[in-house]
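# Reading the structure
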Amino acid sequence: MKKIVYKSKAIQAVILIVAAILLVSLWPLRIFKETVTTSIQPVSYTMSDRIDEEHTLLQTIVAQYDHMDSIGIYLDDAGVGDSFYVRILDEKQQQVCEEEVTIDRDQLPGYQEAMIDIDMEVNKMYYVILQGKDSAISVGIETVPLTDMPYLGTMYYSESSVDGASLVADYHYGVPLRKTKVLLYGLTILGVAAMLLFAVRLFYKKKEDKLITAERAVKYTLNPLVAVLTIGCLIAVFMGACGSYLLDNTVFAISVLLLSGILFYGINHDREGQDSVLTAEYIKSHVGDIFQSVCIAGAIAACCEYMSGLYDIHHAVAERKEMIWFALAVIAMFQWKEIVNVINLVYLAGAGIYGYHYYQTHLTEEMDDLNRQVLKYTVWIGILLGLIIIRTLIGLFRKKLSRPAYFYTGLLALFFALIIIFRNGRWWTVAMVVSFTLFYLNYGMWEHKERMLANIVRGVVFQFVLATGYCLLHRPYVTFRNARYTHIFHTVTITASYLTMVECVAIVMLLAKLVKSRKWKDIWKEMVFFGVVSSYMIFTMARTAYLAVFITALFALIIMAAGKGRVRLLNLCKNVGLMILAVLVTLPVTFTLQRNVPALVSEPYLYEIEYSMYCPDDVMRGRNLDSKNFMRVGRFIDVFCEKIFSIPEGTFDVYGEQEEYRRTHNIAQIEQEKITEEEELIASLYYEPEALDPEEELIQDSQKEDYTNGRIDIFRSYIEQMNMTGHEEMGALLQNGEIATHAHNIYLQVAYDHGIFVGILFVLWGFVTFVTSCLYYHKKKETIAYASLPAVVTVAIAVAGMVEWIYHLSNPCGFLLMLVITPLLFQSEK
């Protein structure tokens, strides 16, 4: 940032950066869209019979592209009423769109546009249904040979098919710009950029070209941009773009000002005495560390995918992704000569040939895409595993391994051995033991051991930033059915445990920085990160997670406060104040962004299970910023107080939203029951009722009297059924006669799965890990910035594990725990 350049060069650099951003947005991001229309034109101007509430028209279509923007439907001028419905059902009879179209009589006879805005699966069948709403209309139909229009299917009027006829309509699809336009626009951007560069060069030939720092050039570019965006957002808020509620708009306006303040400070703060973070020299000397951090982020992302998987095949794919990323994280500790050598080249040639043969011989025509992925990823894991084993054996033969911490390593080795001996059919324990043993051994032979915890922290931050970016684009924050925000997952429980892991990293980052400095310019980034993570944790409204984070934060504050005696206590209080300030500033900002950005993007993603929980139509389609189905401030306060403080819901119902929800929800239920006979015919082919998870049923039955949400009953069942050798199934028999999903407790689950002795050993290992990690922090806190991370993570897992099952190879918390204990396995080098 302190680099000095000529002003002309700075301007040209900005032009090139803008041009590069535009080119990348054209390809490969393909942000810009164009409209492709397929039409049935009116020729004979034949009109259908009357369409009203009792008589509907259904047109079967096959999707030609993956996003439909709108449908133009041809109406005559003889109808009555003001509006009609357009509904679209997918091939499984799930309604994906319902649009009430207001009839513009000035345009009749003619096309009436229905906004659709839904994603489709190409070549899949969909059903377009027209129905009156206190109205009667007639639409154009034409006789069209199906050979000419293969994307059209049969049309039905009420209960009867109309052979050879099709609805007169324009189907408008939104598709990324096609190759010709991408090329044309790309050449235009390059041409304009070239002319601007040439113009700048000519201008400064006639004028003195002054020197300027890169920092000042950045300020000149970004400050006006932030100012314009701030003014634009404030105008939108005050104009009611986000709704008419005074409380909401007040919070949104304050959030815009706070966010602009953060951005302006980040751009303009004094950088005197601060070194550049990413320099060419740093990247060159830390390329392996950066690569390892990326791989750790990829492995954690795969863990998150595993936790979100609904079926065994999803878990199988996610597990293999995790192992591939983790294998690459191990390879990141290799020296270049340990990767590129004759032995590895010979091995990779042979392994590649055998891997291809294995893949082809096990590939069958019946395999779907997911099963093919499982097979492909298995081959890759085998190849990478062999590469790692070769290097590990060579390193051990050459005695490169550092001296282990014998007691702790021996205790962990005993635990590893027993969870394999008493695995009771489980293979994830074998995968964990093999993969982490190889990771630990290669760490023991690594010359940069002091960088490990920083790489882990960086990996967690990478993954959280990318996951949160995805949420801002595709995971809407809705008002009623899912008021407790689930981030990238489909349940609040998983979200809360994941965020507990990220909170550990955020706490350690902030407190480690506060030990060194309290200047705003040094700590503002860590404060923002901690505040954002904490805000998402608050959105979950998970009491057990709050408790775990509170205890973890208190522990971290106590051990990481600088100074002694009264000075230490004063620093601890200051740290608490700064953490609270970070949350107070970022909470409204995070709420405003998460509430509004997904609505603007309008590309929501829901898990299959979420469709049965909530699917507001104006959330799924269109950019309805003012919709009451997006989270409101009053609703958030009301639910938060009910979940956390047990204050009856509705106490803080500022605008009567709860009553409105009950009224509209009941109406929606009634309307949902009024399915037309055509829809019933389709539904009968696909619909199967879903059973309630018996464990969730037990929790729901118990939570009215039990603050633990029924967990006490589950714990009792697991304790009563424990034995010395463990069980094949992880679910115990509950009091209601059903089988539990898991124990909601890592200690009980390990003891139930592997036997009582292994459970006791697991508790002992956890206690020794805590003590060892505290000793490690005491020894290394002056030389390793994040030396407290193993202790902080251990405390968080120990507390959160009392109420949730989070110790598993593919659970983000369990995976992080096994990562951060790595430095504890070897004696400190003098």
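All values reported here derive from a predicted model rather than from experimental measurement. (Residues numbered from 1 in each chain as written. Predicted model: local features only at pLDDT ≥ 70, side-chain atom pairs only at ≥ 80, totals over all residues. Heavy atoms only, no water.)

Turning our attention to the overall build of the chain. Per the secondary structure count, the chain includes 27 helices and 15 strands. The C-alpha atoms of the chain give 30 Å as radius of gyration, which agrees with the globular expectation for 830 residues (28 Å, within 12%). Dimensions of the chain along its principal axes, counting C-alpha atoms only, are 90 × 90 × 65 Å. Looking at the chain residue by residue over its 830 residues, the buried ones come to 50%. For the chain, the computed accessible surface area is about 41500 Å², with 63% contributed by carbon and sulfur atoms. In the chain, 70 side chains carry a positive charge and 87 a negative one; their mean positions are 20 Å apart. (Helix = DSSP H or I, 4+ residues; strand = E, 2+ residues; numbered from the N terminus. Rg over C-alpha atoms; globule rule 2.2 N^0.38 Å. Buried < 20%, exposed > 50% of the residue type's maximum accessible area, 1.4 Å probe, protein only. Areas by Shrake-Rupley, 256 points an atom, 1.4 Å probe, with all protein chains shown as cover. Lys, Arg positive; Asp, Glu negative; His and termini not counted. Charge placed at Lys NZ, Arg CZ, Asp CG, Glu CD.)

Right, let's get into the sheet that holds strand E10 (residues 140–143). Pairing is antiparallel across the open sheet formed by 3 strands, whose spatial order is E3-E10-E13. Either end of the sheet is taken by a strand with one partner, and the two such strands are strand E3 (46–47) and strand E13 (165–167). (Pairing = 2+ DSSP bridges.)

This part covers helix H17 (residues 565–601). Taking 1.5 Å per residue as the helical rise, H17 with its 37 residues ought to reach 54 Å, and the 53 Å between its terminal C-alpha atoms agrees with that figure. Where H17 bends most, the angle comes to about 30 degrees, and this point is threonine 586, followed within four residues by the proline proline 588. Serine 602 sits one or two residues past H17 and shows a positive phi near 55 degrees. (Expected span 1.5 Å × (residues − 1). Bend = angle between axes of the 7 residues up to and from the residue.)

Here we come to the nonpolar core. One finds Phe415, Trp765, Tyr807, Met818 and Ile821 to be the most contacted residues of the largest nonpolar core, which totals 154 residues. Among the elements that make up this core, the one with the highest residue count is helix H14 (residues 492–516) (17 residues). Counting 41 residues, the second-largest nonpolar core is a separate cluster that includes Tyr74, Cys97, Ile141 and Tyr151. (Core = buried A, V, L, I, M, F, W, Y, C linked by side-chain atoms within 4.5 Å.)

Further remarks concern the packing of aromatic side chains. Applying the stated criterion across every chain yields a total of 42 aromatic pairs. With a centroid separation of 5.4 Å and 75 degrees between ring planes, the pair formed by phenylalanine 326 and phenylalanine 815 is classed as edge-to-face. With phenylalanine 326 in helix H7 (residues 312–331) and phenylalanine 815 in helix H27 (residues 812–820), this pair connects stretches of sequence that are 489 residues apart. Note on tyrosine 485 and tyrosine 536: the rings are 6.1 Å apart at their centroids and 35 degrees apart in plane angle, and the pair reads as tilted. Taken as a pair, tyrosine 485 in the loop between helix H13 (452–474) and H14 and tyrosine 536 in helix H15 (residues 520–540) lie far apart in primary sequence, 51 residues in all. We classify tyrosine 536 as buried; its relative accessible area is 2%. Following the ring pairs from residue to residue traces out a cluster consisting of Phe464, Tyr477, Tyr485, Phe529, Tyr536, Phe539, Tyr546, Phe591, Phe636, Phe640 and Phe645. Against the face of tyrosine 85 rests arginine 87, its NZ or CZ located 4.6 Å from the ring centre. (Phe/Tyr/Trp six-rings, centres within 6.5 Å; stacked < 30°, edge-to-face > 60°. Lys NZ or Arg CZ within 6 Å of the ring centre and 35° of its normal.)

Right, let's get into the confidence of the model for the chain. Residues shown with low pLDDT carry predicted positions that ought not to be read at fine detail. Confidence along the chain averages 90 in pLDDT terms, with 93% of residues attaining 70 or more. When the criterion is pLDDT under 50, residues 670–705 qualifies, and its contacts beyond four places in sequence or with other chains add up to 41 contacts. (pLDDT = per-residue confidence, 0-100. Contact = heavy atoms within 4.5 Å.)

Attention shifts here to unusual backbone geometry. When glycine is set aside, most residues are seen to have a negative phi, and most peptide bonds are trans. Cis peptide bonds are those with omega within 30 degrees of zero, and the linkage from tryptophan 27 to proline 28 qualifies with 15 degrees. As for its position among the elements, proline 28 is in the loop between helix H1 (7–26) and strand E2 (33–39). With an omega of -10 degrees, the peptide bond between leucine 108 and proline 109 qualifies as cis. Positioned with a positive phi, asparagine 123 is a non-glycine residue whose angle comes to about 70 degrees. When you line up the elements, asparagine 123 lands in the loop between strand E8 (110–119) and strand E9 (125–132). Asparagine 123 sits in the exposed class, given a relative accessible area of 62%.

On to a nonpolar patch on the surface, then. A contiguous nonpolar patch, built from Val18, Leu22, Val24, Leu29, Ile31 and Phe32 and spanning about 520 Å² of accessible area, is present on the exposed surface. Looking at where valine 18 falls in the secondary structure, it is placed in helix H1. (Patch = residues over 30% accessible without salt bridge, like charges linked within 9 Å, V, L, I, M, F, W, Y side chains within 5 Å. Salt bridge = Lys/Arg side-chain N within 4 Å of Asp/Glu carboxyl O.)

Our next topic: the packing of H13 against H14. At a closest axis distance of 10 Å, the pairing of H13 and H14 adopts a crossing angle of 125 degrees. What the angle tells us is that H13 and H14 run oblique. As H13 packs across H14, the resulting crossing turns out to be left-handed. On the side of H13, the interface is formed by Val457, Val460, Val461, Gln463, Phe464 and Ala467, while H14 contributes Tyr498, Leu499, Met501, Val502, Val505 and Met509. When the residues that make up the contact of H13 with H14 are grouped by side-chain class, the tally is 11 nonpolar, 1 polar and no charged. (Axes fitted to C-alpha atoms, helices over the stretch in contact; angles between N-to-C directions. Parallel < 35°, antiparallel > 145°, perpendicular 65-115°, else oblique. Left-handed = near helix turned anticlockwise from the far one by under 90°. Nonpolar A, V, L, I, M, F, W, Y, C, P; charged D, E, K, R; others polar.)

Summarising burial for strand E14 (residues 169–176): 7 of the 8 residues are buried, a large majority. One ladder, built from 7 bridges, connects E2 with E14; its direction is antiparallel. Among the inter-strand pairings, threonine 35 is bridged to a residue of E14, identified as glycine 174. Note that strand E5 (residues 67–75) and E14 share 5 bridges and pair antiparallel. In the strand pairing of E14, glycine 72 is matched with aspartate 170.

Judged by pairing direction, the sheet is antiparallel, and its 4 strands sit side by side in the order E2-E14-E5-E8 without closing on themselves. Bordering the open sheet on either side are E2 and E8, each of which pairs with just one other strand. Here the strands of the sheet are splayed against their neighbours by 20 degrees on average, with no regard to which way each runs.

Now for the pattern of salt bridges. Enumeration according to the criterion identifies 25 salt bridges in this entry. Connected through shared salt-bridge partners, Glu34, Arg178 and Lys181 make up one network.

Time to look at helix H4 (residues 246–268). Across its 23 residues, H4 extends 33 Å between first and last C-alpha, which sits within 8% of the 33 Å expected from 1.5 Å per residue. Buried within H4 are the following residues: Asp248, Asn249, Val251, Phe252, Ala253, Ser255, Val256, Ser260, Ile262, Gly266 and Ile267. Tucked inside the fold, the buried residues of H4 contact helix H3 (214–238), H15, H17 and helix H19 (633–645).

This next bit is on the environment of valine 502. Inspection of the secondary structure assignment puts valine 502 in helix H14. As a C-alpha pair, valine 502 and serine 534 span 32 residues in sequence and 9.2 Å in three-dimensional space.

A few words on the state of the cysteines. Enumeration over the complete set of coordinates arrives at 0 disulfides. Take cysteine 504: it sits in no disulfide, and the sulfur closest to it among the cysteines is that of cysteine 813, at 7.7 Å. Classification of cysteine 504 by relative accessible area gives buried; the value is 2%. Classification of cysteine 813 as buried rests on a relative accessible area of 2%. (Disulfide = S-S within 2.5 Å.)

Looking now at the packing of H14 against H27. At their nearest, the axes of H14 and H27 sit 9 Å apart, and the two run at 25 degrees to each other. With respect to each other, H14 and H27 are oriented roughly parallel. Facing H14, whose interface residues are Ser497, Tyr498 and Met501, H27 presents Pro812, Cys813 and Leu816. Its residues assigned to classes, the contact of H14 with H27 shows 5 nonpolar, 1 polar and no charged.

Within the secondary structure layout, histidine 315 lies in helix H7. Distance from histidine 315 to lysine 337, taken between C-alpha atoms, is 36 Å for residues 22 residues apart in sequence. Setting aside residues no more than four positions away along its own chain, histidine 315 makes contact with Tyr306 and Gly309. Reaching out from histidine 315, the side chain makes a polar contact with the backbone oxygen of tyrosine 306 at a distance of 3.3 Å. (Polar contact = N/O pair within 3.5 Å; in protein donor to acceptor, adjacent residues only side chain to side chain.)

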